[in-house]
Amino acid sequence: MRIFSGIQPTGEKHLGNYIGAIRQYVEAQDRGEPAVFCIVDLHAITVSYDPKELRKRLHDTTAILLAAGLDPERCVLFRQSDVKEHTELSWLLGSVTAHGDLNRMHQFKDKSASQKELVSAGLFFYPVLQAADVLAYRANEVPVGEDQRQHIELMREIARRFNERFGETLVVPEHRIPEVGAKVMDLQEPDRKMSTSVGADSGRVFVLDEEKAIRKKFGSAVTDSGREIRRGEDKAGIANLIGVLSVASGKAEDEIENDFADAGYGDFKKAVADSVVEFLAPVRDAYPEIRADDAELERILATGAERARGYASQTLADVRSAMGIGPP
Ligand code: AMP
Ligand code: TRP
C-alpha cells in the first residue's frame, strides 16, 4: 500500500490539521510501502506570501510533523520544490485536465475570493499540481481532511483520463478521510471549518498553544442556548466539541453523550480542554529541541527528497514515454 499526503508550510498548524491529517500520517507510516509526506511550498506561493518567511515556516511545519511522531526512518518526508518531477508532471497532466473541472473547485473559489491584489493562474492550476504530487508516487491512499475530498476526486479523474488516452500508466488513488474529526470547526463560528487564514485566533487552537491558551479558547467556545450535550441540528458548537473530545480521549461519541448526560456546558468544555491539553502535550514538549536544529531539518529533508526522487523519476519516465515526449 503506497500512501501519500501533502501539507502546506503555514508554520503553526492547528487542531483541525492535527486531527484531520497529521495523526493519520503518524498512523500511516507503518502501513505505507512507503508512506510519503510532502511539505508543499510550491502550493504556498499561489497566494500572496512573504519569501523571507517561507523557509522559516517550512522548517516550523517540518518540526511539527517530526514532533508529532513522523520518523524519517519509517517514512519519506521531503520538500515539494526539491523534487522537480512534481512541476514537470503537473504540466503534463494539465493536458488531460478539464478547464471546467478546475472552475468548479471550492478551494479555488474560496481562496480567490479572499485575494486582495491578484488571483494568480497558479491558484487556478493548484489542483493539477496536487494531482501530480500524488500520481508521481502511484499512491493508493491519500490521508486528508474533508476539505480535500473534491481535490482527490479530481486527481482520480485526471488519472483515469490519462490512462484512457495514453494507456495504463497511473494509479487511481483513494482518499482516506477519518470518520470523526475530518472537519474540525472554528470554536467561535462553529458552522465554518477551523482554518489558518479565516477568522480570529480565539476560534483556532494551535498544536503549539500553551495550556493556558487552550483552556481559554475552549472556555469561550460558542455553543447554543440549550443545555443538552448531544449532536444534532442547531448544535454545531457542541457537536464539534464532542468530536474533538472523541478523538483526543479515544472514546466513542455515543459514550461521551452518555457520560455527560447530566453535565452542564461549563464542565463539558473544561473536560474537552483537559483532554486536548493532554493530547497535544507530547508534540509541544518535543518541538523546541527539534525546531532548534535547522541543519538537521535540512539534512532530513534532503534525504527524503533523494528517496522521493527515486519513485517520482520512474513515473515521469513512463509518463513521458506514454505521451511521446522527449527522445525515444
Ligand atoms: P493545509 O494546512 O491546508 O495543508 O491542510 C493540511 C491537512 O489538514 C489537509 O489534509 C486538510 O484536509 C486538513 N485540514 C485542514 N483544516 C482542517 C479542519 N478544520 N478539520 C480537519 N482537517 C483539516
Ligand atoms: N491542498 C492540500 C491542502 O490544502 C495540500 C496538498 C498538496 C495535498 N498536495 C497534496 C494533500 C497531495 C494531499 C495530497 O491541505
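All figures in this text were calculated on a predicted structure; none of them were measured in a lab.

K.L.:
Even after reading the chapter, I still don't get the domain arrangement of the chain, so can you show me in this structure?
P.N.:
Quite often, the size of an interface is put as the accessible area lost when its parts meet. We note that the domain assignment places domain 1 (3-176 + 294-323) and domain 2 (201-288) within the chain. Here the C-alpha centroids of domain 1 and domain 2 sit 30 Å apart. Contact residues are listed per partner, giving 12 residues for domain 1 and 14 residues for domain 2. Summed over both partners, the interface of domain 1 with domain 2 buries about 1,200 Å², with 80% contributed by carbon and sulfur atoms. Looking only at domain 1, the three residues that lose the most surface to domain 2 are Glu12, Leu15 and Tyr18, adding up to 43% of its buried area.

K.L.:
Help me understand the site of ligand 1 in this model?
P.N.:
Near ligand 1 you find 18 residues, and of these Gln8, Lys13, Gly145, Asp147 and Val184 are the closest. At 2.8 Å, a side-chain N or O of Lys13 approaches an oxygen atom of ligand 1. Measuring from a nitrogen atom of ligand 1, one finds a backbone N or O atom of Gly16 at 3.1 Å. Coverage of ligand 1 by the protein amounts to 90% of the 490 Å² it exposes when considered alone.

K.L.:
Would you mind showing me how to read helix α6 (residues 106-113) here?
P.N.:
Buried residues of α6: Gln107, Phe108 and Ser112, and no others. When α6 is viewed along its axis, its buried side chains cluster within an angular range of 120 degrees and face the same direction. In α6, those exposed residues whose orientation departs by more than 90 degrees from the buried face are Asp110 and Ala113. Residues of α6 that are buried make contact with α7 (121-135) and α8 (149-166).

K.L.:
Would you take a moment to explain the pattern of salt bridges for this structure?
P.N.:
Note on pairing: side chains with opposite charge can pair once their charged atoms come close. Enumeration according to the criterion identifies 35 salt bridges in this entry. Salt-bridge contacts for Glu53 lead to Lys56; the nearest nitrogen and oxygen are separated by 4.0 Å. Placement of the pair is Glu53 and Lys56 together in helix α3 (residues 51-68), with a separation of three residues, close to one helical turn. Look at Glu53 and you get partly exposed, because its relative accessible area is 25%. The class of Lys56 is partly exposed, set by a relative accessible area of 41%.

K.L.:
What should I look at first to understand the site of ligand 2 in this one?
P.N.:
The full set close to ligand 2 counts 14 residues, and Gly6, Tyr126, Gln130, Asp133 and Gln148 are the nearest of them. Note that a nitrogen atom of ligand 2 is positioned 2.8 Å from one of the side-chain N or O atoms of Gln130. Isolated, ligand 2 exposes 370 Å² of accessible area, and the fraction of that covered by the protein chains is 90%. Breaking the shell around ligand 2 down by element, the ones donating at least two residues are β1 (3-7) and α7. Across the shell around ligand 2, the residue classes break down as six nonpolar, seven polar and one charged.

K.L.:
Is there a simple way to explain helix α1 (residues 15-28) in this structure?
P.N.:
What sets the pattern is the α-helix's 3.6 residues per turn: residues three or four places apart point alike. Spanning 14 residues, α1 covers 19 Å between terminal C-alpha atoms, matching the ideal 20 Å at 1.5 Å per step. Maximal helix bending in α1 amounts to about 35 degrees, located at Ala21. With 11 of 14 residues buried, α1 lies mostly within the body of the structure. All of the buried residues along α1 are Leu15, Gly16, Asn17, Tyr18, Ile19, Gly20, Ala21, Ile22, Gln24, Tyr25 and Ala28.

K.L.:
Hey, could you run me through the packing of α3 against helix α12 (residues 265-292) in this one?
P.N.:
The axes of two packed helices give the description: the angle between them and the distance between them. Here α3 crosses α12 at 130 degrees, and the two axes come no closer than 8 Å. The angle between α3 and α12 falls in the class oblique. Note that α3 runs across α12; the crossing there is right-handed. The segment α3 lies against α12, with Lys56, His59, Asp60, Ala63, Ile64, Leu66, Ala67 and Ala68 engaging Pro282, Val283, Ala286, Tyr287, Ile290 and Arg291. Taken together, the residues of the contact of α3 with α12 sort by class into 10 nonpolar, one polar and three charged.

K.L.:
Can you help me understand the nonpolar core in this one?
P.N.:
One broad trend across soluble globular proteins is that nonpolar side chains are buried collectively. In terms of nonpolar packing, the biggest core is built from 55 residues, with Leu15, Leu77, Phe218, Phe268, Val276 and Leu280 touching the most fellow members. Mapped onto this core, the elements with two or more residues apiece are β1, α1, β2 (35-39), α3, α9 (211-219), α10 (236-249), α12 and α13 (294-323). Sort the elements by how many residues they give to this core and α12 lands first, with 11 residues. For this core, the two domains that each supply at least three residues are domain 1 (3-176 + 294-323) and domain 2 (201-288). One finds Tyr137, Ala159, Leu170 and Ala308 within the second-largest nonpolar core, a separate group that totals 42 residues.

K.L.:
In this structure, what is going on with the side chain of Thr62? I would like to understand it.
P.N.:
Relative to the helices and strands, Thr62 is located in helix α3. Polar contacts involving the side chain of Thr62 include one to the main-chain carbonyl oxygen of Leu58, which spans 2.7 Å. Residues in contact with Thr62, not counting those within four places in the same chain, are Ile39, Leu77, Leu297 and Leu301.

Reading the values: rules and limits
Residues numbered from 1 in each chain as written. Chains lettered and ligands numbered in written order. Predicted model: local features only at pLDDT ≥ 70, side-chain atom pairs only at ≥ 80, totals over all residues. Heavy atoms only, no water. Domains from an automatic or database assignment. Contact = heavy atoms within 4.5 Å. Buried area = accessible area lost by both parts, 1.4 Å probe. Near = heavy atom within 4 Å. Polar contact = N/O pair within 3.5 Å; in protein donor to acceptor, adjacent residues only side chain to side chain. Areas by Shrake-Rupley, 256 points an atom, 1.4 Å probe, with all protein chains shown as cover. Buried < 20%, exposed > 50% of the residue type's maximum accessible area, 1.4 Å probe, protein only. Helix = DSSP H or I, 4+ residues; strand = E, 2+ residues; numbered from the N terminus. Arc of directions from axis to C-beta. Salt bridge = Lys/Arg side-chain N within 4 Å of Asp/Glu carboxyl O. Nonpolar A, V, L, I, M, F, W, Y, C, P; charged D, E, K, R; others polar. Expected span 1.5 Å × (residues − 1). Bend = angle between axes of the 7 residues up to and from the residue. Axes fitted to C-alpha atoms, helices over the stretch in contact; angles between N-to-C directions. Parallel < 35°, antiparallel > 145°, perpendicular 65-115°, else oblique. Left-handed = near helix turned anticlockwise from the far one by under 90°. Core = buried A, V, L, I, M, F, W, Y, C linked by side-chain atoms within 4.5 Å.

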